[in-house]
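# Tertiary structure, described
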Amino acid sequence: MLIQNKQIAIIGAGPAGLTLARLLQLKGALVKVYERDFNKNARVQGSPLDMHEESGSAALRKANLWEEFIKNVHVGADKKVIVNEQAEIVFSDHNLANTGDLTGKNFRPEIDRGSLRKVLLESLKPETVIWDSHLVSMEKQNEGWRLHFKNGLTVYADIVIAADGANSKIRPYITRIKPFYSGVTMVEINIRDAEKATPHIYTLLNGGKIMAFGDTKCLLGGQKGKNDLGFYLSFKTYENWAIDNGLDYSDNVQLLEWFKHEYSGWSGYWYQLLENAVTPLIPRPIYCMPLDQTWETIPNLTMIGDAAHVMPPFAGEGANMSMRDSLELSECLTSDKFKTLQEAISSYEVNMRKRAATAAQESLANGERMHSIGALEKMLSVFDRNP
């Protein structure tokens, strides 16, 4: 095996990094994961993830974690309602029967990010994850890399794999290609104890998701576990809007006034979100890697997930692509059909870029549709074709 007796450093303990660590450990690899979070409970995890059969679910099955994963899914969280800006329901699949089929392309179980992280962490060997390890730099040493962390730690690794997200510290060592701004910015809103804080919206979601369209703007949301909800206000604007607008993201009153102006045609029904939001709200300009990106393969350095192919969230493929990266890279690194590590990594990267470009193109197209005039009718036609 090409990676036998080699020290592998994975930078980032998100779904991709942890999945890769698990898959490699099953093959007997020597793996450490370095994560900037202080500990496993240091950060509130984001919106739930729906696992796709050919990617996220396939990786979990290969990792022998499917049964544990199923124990933690949110039954019904994949159900959705589509509404107009007046919160009137125009589409719902809550009344569709659940066939109980746990396989196939139409089964996309949802799980909290925190629950998924717990499943993955508990599957790893003790002390695999080194917390409070924020990578600041690295340089070549012998046939590998010397890594330097903010806490003063320095380590050597024969192979380094970037799983450190869209703002990867490692990506610049591989390529100078940078993502481009998609034209869309999203503002993240979190609601705690939503059954009490926003009871009408809590009831409207009914444990699932919501998509609201009107006047080229969107509101997207869903259940986050327990009684918490997560929403995104999504609209087209210029790249530096989040910095230039003068908003105080910790001021609910000011944010509500902004919403009334920005979403001027929308019902006052939605005001309860801004009134009861956990502050600060989080603005997120949405970026995408060029669809034609390429680079020359390095024999001991590569990347997975958003570090390799950040894309808009409008196809629901980001985490799934990341976990498929983990699956395919692990198979390439442990295959006996490659003579060198460079061949193995190159095979992974070529296929990864093709897959990611297809998913990103779909996501960009969906984003245009969702933020266009007549978006509601266009999205209804999509779901009518794909119930």
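Source: prediction; values computed, not measured. (Residues numbered from 1 in each chain as written. Predicted model: local features only at pLDDT ≥ 70, side-chain atom pairs only at ≥ 80, totals over all residues. Heavy atoms only, no water.)

## Focus: the packing of helix 1 (residues 15-26) against helix 12 (residues 318-333)
Contact geometry of helix 1 with helix 12 gives a least axis separation of 8 Å together with a crossing angle of 30°. As judged from the angle between their axes, helix 1 and helix 12 are roughly parallel. The element helix 1 and its partner helix 12 pack so that their crossing is right-handed. Residue-level inspection shows Pro15, Ala16, Thr19, Leu20, Leu23 and Leu24 of helix 1 in contact with helix 12, the latter providing Ser322, Met323, Ser326, Leu327, Leu329, Ser330 and Leu333. For the contact of helix 1 with helix 12, a count of residues per class yields 9 nonpolar, 4 polar and no charged. (Axes fitted to C-alpha atoms, helices over the stretch in contact; angles between N-to-C directions. Helix = DSSP H or I, 4+ residues; strand = E, 2+ residues; numbered from the N terminus. Parallel < 35°, antiparallel > 145°, perpendicular 65-115°, else oblique. Left-handed = near helix turned anticlockwise from the far one by under 90°. Contact = heavy atoms within 4.5 Å. Nonpolar A, V, L, I, M, F, W, Y, C, P; charged D, E, K, R; others polar.)

## As for the sheet that holds strand 4 (residues 80-84)
Note on sheets: strands pair through backbone hydrogen bonds, and any given pair is parallel or antiparallel. One open sheet accounts for 7 strands, arranged 5-4-13-14-15-12-16; its pairing is mixed. Looking at the sheet topology across the chains shown, the edges are occupied by strand 5 (89-92) and strand 16 (282-288). Neighbour-to-neighbour, the strand axes of the sheet open up by a mean angle of 20°, direction not taken into account. Examined bridge by bridge, strand 13 (residues 209-214) and strand 14 (residues 217-223) share 6 bridges and lie antiparallel to one another. The residue of strand 14 that forms the bridge with Gly214 is Lys217. (Pairing = 2+ DSSP bridges.)

## Let's talk about helix 1
Here helix 1 contains 12 residues, and its C-alpha end-to-end distance of 17 Å stays within 8% of the 16 Å for a straight helix at 1.5 Å per residue. Here helix 1 lies mainly inside the structure; 10 of its 12 residues are buried. Taken together, the buried positions of helix 1 are Ala16, Gly17, Leu18, Thr19, Leu20, Ala21, Arg22, Leu23, Leu24 and Gln25. Just downstream of helix 1, Gly28 is the residue with a positive phi angle, here 85°. (Expected span 1.5 Å × (residues − 1). Buried < 20%, exposed > 50% of the residue type's maximum accessible area, 1.4 Å probe, protein only.)

## Examining unusual backbone geometry
For the bond running from Thr279 to Pro280, omega is 0°, close enough to zero to count as cis. Within the element layout of this structure, Pro280 appears in the loop between helix 10 (271-276) and strand 16. The phi torsion at Asn64 lies on the positive side, around 60°, for a residue other than glycine. Topologically, Asn64 is positioned in the loop between helix 2 (56-62) and helix 3 (66-71). Of the residues examined, Asn64 reaches a relative accessible area of 58% and is grouped as exposed.

## Observations concerning the pattern of salt bridges
Under the defined criterion, the tally for this structure stands at 13 salt bridges. Glu68 is the partner of Lys71 in a salt bridge, and the nearest nitrogen-oxygen pair spans 3.5 Å. Here the residue Lys71 and the residue Glu68 both occupy positions in helix 3, the gap between them amounting to 3 residues, near one helical turn. Judged by its relative accessible area of 63%, Lys71 is exposed. A network of salt bridges, in which partner residues are shared, links Arg324, Asp325, Glu328 and Arg355. (Salt bridge = Lys/Arg side-chain N within 4 Å of Asp/Glu carboxyl O.)

## Points about the state of the cysteines
The final tally for this structure, using the stated rule, is 0 disulfides. In this model Cys218 remains outside any disulfide bridge; the closest cysteine sulfur is found in Cys288, 17 Å from its own. Given the relative accessible area of 0%, Cys218 is considered buried. Taking relative accessible area as the criterion, Cys288 reaches 0% and is therefore assigned buried. (Disulfide = S-S within 2.5 Å.)

## A word on the sheet that holds strand 8 (residues 135-141)
The strand order across the open sheet built from 3 strands is 8-9-10, with neighbouring strands paired in antiparallel fashion. For this open sheet the edge positions go to strand 8 and strand 10 (154-157), each flanked by a neighbour on one side alone. The average angle at which neighbouring strand axes cross in this sheet is 25°, direction not considered.

Nothing here speaks to function; it is all geometry.
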